[in-house]
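Structural features, examined
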Amino acid sequence: MEKSSSFKPVHNPYYIYSANFTNKSAGIKALHYLCHMLNEIGVEAYLVGCSEESLTLRTPLLKGPDVQRHLSTGMQPIVIYPEVVTGNPLKVPHVIRWLLNRAGFLGGEKIFEKNELVYAFSPEYVEEGMETPILSIPFVNTSIFNNINNSRDKSRKGVCFYAHKYLAAGGKLTKETEGAISLCQDQPLSQQEIAEILRRSEYMLCFEPSSMILEARFCGCPVVMVPSLYLEQNLAEPLRDSGVSLSLEPSELKKAKESVNERFSEYEEYIRYCWRLVKDLYIRSQEEFLERQLSKTIVQEQWAEPVLTLISKSNVDIKLYAPKQRRIAGNLRWLERNTLSEGQATIMAERMHHSWLHQPTFHLIVVLNPNELPLLSNTFESLQQQLYGARGLSIISS
């Protein structure tokens, strides 16, 4: 990597594509914290797509003069996209794709361009057979989520639960949640209020992979993972860790309670590990992309216009989804790659019939405008091809 210079910039800046900060999304928090950490180690990093600047993090919003300066000095930005973004909407020369979940699970592509550097937040998000470097970020605020000086630690009472994505996917709560406090995202709870509930609860029932699992244990609250098909599909293997029980069996719960505080003591080492990963990302990406710059010519103006267009919009706050037409194209590519073969369809049908404990009913409501009548046949044809039969359809038309 080229040495720093007193007379000119030699290292490319980072543009991190993210929505406004929210405590309700671990992925968005990770993007903002990465921007902060890059700036903390002396790297020039900006957020793109946000309208609100943090008062506590070093996460500057990219502005027009920054882009013009990068352009005029010959710098070539490196954009960091989460996996849910399709393609390269900013047309920036160098792309890092960060898997904050399994590729294609929440949106975006399953296969990325060969010239992109791909990182994964967790080994669980790496496809089998792929060699993908890990980039983890500590996103639990231990000044809020901790069990320090907790007067109620020895007299915990009550149960809480977390099932946000599980419920959104059609899952049903089990009888164990009756009378328990919901910590799902539809509850108007601050981070401090959630921590207070966790600091007094006997245990938390959790229906899905979530940062809440770590936050609960940091508050001294054991976590009971509730088995379901959804959990099986979204967790590479059962979570066997300190402070976690895979059932409500008394012996298993006792072990979780006894070991719940071990993870907090290990977190400081994990934080140091994450700083090393961020520095490794910086070194590798600068070297890799500088080598590409020297080997071929890239027209700078190609990336400046899309970036300036995005940041010039007042109160811009991206939703981490591509524009409509790009999203439609991405959906079509996804369908092509994920269409079941005849054999796969047979296996899936048998699994639904024999293994699924619950089959929620979906009722679709189609609002049909007069000029959209020809499209209705496409809807009927698509529904007729579906394996899942527990559904209804209502059509509303003027």
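Everything in this summary refers to the structure shown in the same document. (Residues numbered from 1 in each chain as written. Predicted model: local features only at pLDDT ≥ 70, side-chain atom pairs only at ≥ 80, totals over all residues. Heavy atoms only, no water.)

1. Here's the deal with the pattern of salt bridges
With the rule as written, the count across this model stands at 14 salt bridges. Where Arg58 meets Glu40, a salt bridge forms, and the shortest distance between an N and an O atom there is 3.3 Å. Highlighted residues: Arg58 in the loop between strand S2 (45-48) and helix H2 (64-72) and Glu40 in helix H1 (residues 26-40), separated in sequence by 18 residues. For Glu269, the salt bridge identified is with Arg272, shortest N-O distance 2.9 Å. One end of the pair is Glu269 and the other is Arg272, both in helix H8 (residues 262-295) and three residues apart, which spans about a single turn. In this structure Glu269 comes out as partly exposed when scored by relative accessible area, which is 39%. Arg272 sits in the partly exposed class, given a relative accessible area of 45%. (Salt bridge = Lys/Arg side-chain N within 4 Å of Asp/Glu carboxyl O. Helix = DSSP H or I, 4+ residues; strand = E, 2+ residues; numbered from the N terminus. Buried < 20%, exposed > 50% of the residue type's maximum accessible area, 1.4 Å probe, protein only.)

2. Comments concerning the sheet that holds strand S1 (residues 14-17)
Taken in spatial order, the five strands of this open sheet run S2-S1-S3-S4-S5, and their pairing is parallel. Of all strands in the sheet, those bounded by a partner on one side alone are S2 and strand S5 (117-120). Sheet twist, expressed as the mean angle between neighbouring strand axes with direction ignored, is 25°. Where strand S4 (residues 94-99) lies against S5, four bridges are found, and the strand directions are parallel. In the sheet register, Ile96 faces S5, and the bridge partner there is Leu117. Most of the contacts of H1 go to S2, to which it runs at about 155°, and overall it touches S1, S2, strand S3 (78-82) and S4. (Pairing = 2+ DSSP bridges. Axes fitted to C-alpha atoms, helices over the stretch in contact; angles between N-to-C directions. Contact = heavy atoms within 4.5 Å.)

3. What to know about H2
An α-helical turn contains 3.6 residues, so any two residues separated by three or four positions project in the same direction. Within the sequence span of H2, burial applies to Asp66, Val67 and His70. Along the axis of H2, the buried residues cluster in a sector spanning 95°; they form a single face. Across H2 from its buried face, at more than 90 degrees, point the exposed residues Pro65 and Ser72. Looking one or two places after H2, you find Gly74, whose phi comes out positive at around 80°. (Arc of directions from axis to C-beta.)

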